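# Close look at the chain arrangement
Residue-level listing of the chains:
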Amino acid sequence: MAVKRRKLGNPLALAVMVTLWQKPMHPYEIAQTLRRQGKDTSTKINYGSLYTVVQNLQKHGFVEVTDVERQGNRPERTVYGLTAAGRQEATEWLSDLLAVPVKEFPVFESALSFLGAVHPDDVVRLLEERLKTLEVEAASSRGALEKLYESVPRLFLVEVEYRLHMVEAEAQWVRGFVEEIGHGGLPGVDAWRRFHETGELPPEFMEEIT
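Residues numbered from 1 in each chain as written. Predicted model: local features only at pLDDT ≥ 70, side-chain atom pairs only at ≥ 80, totals over all residues. Heavy atoms only, no water.

What follows is about the overall build of the protein. When you go through the protein residue by residue, the secondary structure sums to nine helices and two strands. Reading the protein from its N end, one meets helices and strands in the order α-α-α-β-β-α-α-α-α-α-α. Compactness check: the protein gives a C-alpha radius of gyration of 24 Å against a globular reference of 17 Å for 210 residues, more than 25% above the reference. Projected onto the principal axes, the alpha-carbon positions of the protein cover approximately 75 × 45 × 40 Å. (Helix = DSSP H or I, 4+ residues; strand = E, 2+ residues; numbered from the N terminus. Rg over C-alpha atoms; globule rule 2.2 N^0.38 Å.)

What follows is the structure in structure tokens.
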């Protein structure tokens with residue numbers, strides 16, 4: 001099952017529609033609501049792109065103008081509400097994202113694919129730095145979650161839980177990989193080290209390249 005190609009593919013568009021499901025809002029209020037509810041940790045938000053996204057949603061009939069607010073000498077604020085088509089689009093889009101795994105291209109995964117270009121001793125040092133950062137992030141997220149559980153239903157914190165588990169899983173993998181390199185248990189690590197020390201590409205590496 002493949003994810004359906006949508007008229008709008010920016011995740012911010014989905015965030016806007018789900019936020020407008022709560023009530024009609026003007027774009028600034030949408031941004032403030034997303035930040036107040038902590039959704040800026042899972043969706044990139046900036047005012048410039050938000051206004052463009054809202055305009056595109058209106059163009060496709062997913063949101064509509066419900067009011068124009070006027071307060072004294074302040075500029076008019078256009079209030080948008082979610083249409084029936086917008087509710088259907090948001091529901092179908094979210095359903096696709098939940099059900100169908102999509103290949104993503106994390107920067108760390110890309111860096112790992114070219115790992116051999118760095119000396120294994122340097123890789124150990126660099127990954128140890130990364131591990132310290134991951135451990136701090138995990139501890140901070142764990143503490144924040146425990147505090148949030150006191151006042152926020154778990155339903156609205158699942159993305160924070162997911163991120164915490166992903167960070168902990170990455171830290172566990174990095175920790176094990178560093179140990180493999182450091183103790184020489186990683187297959188090919190000796191040839192990898194010789195390559196950086198002599199400049200000669202080992203025969204077994206040539207087989208992988210050719």
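Attention now goes to the pattern of salt bridges. Counted under the stated rule, the structure contains 15 salt bridges. Notably, a salt bridge pairs Arg125 with Glu129, separated by 3.6 Å at the nearest N-O pair. One end of the pair is Arg125 and the other is Glu129, both in helix 6 (residues 120-148) and four residues apart, which spans about a single turn. The exposure class of Arg125 is partly exposed, given its relative accessible area of 41%. (Salt bridge = Lys/Arg side-chain N within 4 Å of Asp/Glu carboxyl O. Buried < 20%, exposed > 50% of the residue type's maximum accessible area, 1.4 Å probe, protein only.)

Between helix 6 and helix 8 (residues 189-198), the shortest axis-to-axis distance is 9 Å and the interhelical angle comes to 110 degrees. As the angle between them shows, helix 6 and helix 8 are arranged roughly perpendicular. For the pair formed by helix 6 and helix 8, the contact residues are Pro120, Asp121 and Val123 on the first element and Val189, Trp192, Arg193 and His196 on the second. Split by residue class, the contact of helix 6 with helix 8 holds four nonpolar, one polar and two charged. (Axes fitted to C-alpha atoms, helices over the stretch in contact; angles between N-to-C directions. Parallel < 35°, antiparallel > 145°, perpendicular 65-115°, else oblique. Contact = heavy atoms within 4.5 Å. Nonpolar A, V, L, I, M, F, W, Y, C, P; charged D, E, K, R; others polar.)

This part is about helix 6. An α-helical turn contains 3.6 residues, so any two residues separated by three or four positions project in the same direction. With 29 residues, helix 6 ought to run about 42 Å at 1.5 Å a step, and its terminal C-alpha atoms sit 41 Å apart, in line with that. Within helix 6, the full set of buried residues consists of Pro120, Val123, Val124, Leu127, Leu131, Leu134, Ala138, Ser141 and Leu145. Residues of helix 6 that are buried sit in contact with helix 5 (107-113), helix 7 (158-182) and helix 8. (Expected span 1.5 Å × (residues − 1).)

Next up on the list: the environment of Glu197. Relative to the helices and strands, Glu197 is located in helix 8. A C-alpha to C-alpha distance of 53 Å links Glu197 and Ala31, two positions 166 residues apart in sequence.

What follows covers a nonpolar patch on the surface. Together, Tyr28, Tyr47 and Tyr51 give the surface a local cluster of nonpolar side chains, amounting to about 280 Å² of exposed area. Mapped onto the elements of the fold, Tyr51 is located in helix 3 (residues 47-59). (Patch = residues over 30% accessible without salt bridge, like charges linked within 9 Å, V, L, I, M, F, W, Y side chains within 5 Å. Areas by Shrake-Rupley, 256 points an atom, 1.4 Å probe, with all protein chains shown as cover.)

Once that is clear, we can look at helix 1 (residues 11-20). In terms of burial, helix 1 is largely enclosed, as eight of its ten residues are buried. On its buried face, helix 1 sits against helix 2 (27-36), helix 3, strand 1 (63-69), strand 2 (77-82) and helix 4 (84-99). Where helix 1 starts, the residue carrying a side-chain oxygen 2.9 Å from the main-chain nitrogen of Leu12 turns out to be Asn10. (Polar contact = N/O pair within 3.5 Å; in protein donor to acceptor, adjacent residues only side chain to side chain.)

The subject of this paragraph is the nonpolar core. In terms of nonpolar packing, the biggest core is built from 23 residues, with Leu12, Val16, Met17, Leu20, Ile30 and Leu57 touching the most fellow members. Elements with a minimum of two residues in this core: helix 1, helix 2, helix 3, strand 2 and helix 4. The leading source of residues in this core is helix 1, at seven residues. The contacts of Leu20, once residues within four sequence positions are left out, are Met25, Ile30, Val63, Tyr80, Gly81 and Leu82. The next biggest cluster of nonpolar side chains, apart from the first, holds 20 residues, and it includes Phe108, Ala138, Ala171 and Ile181. (Core = buried A, V, L, I, M, F, W, Y, C linked by side-chain atoms within 4.5 Å.)

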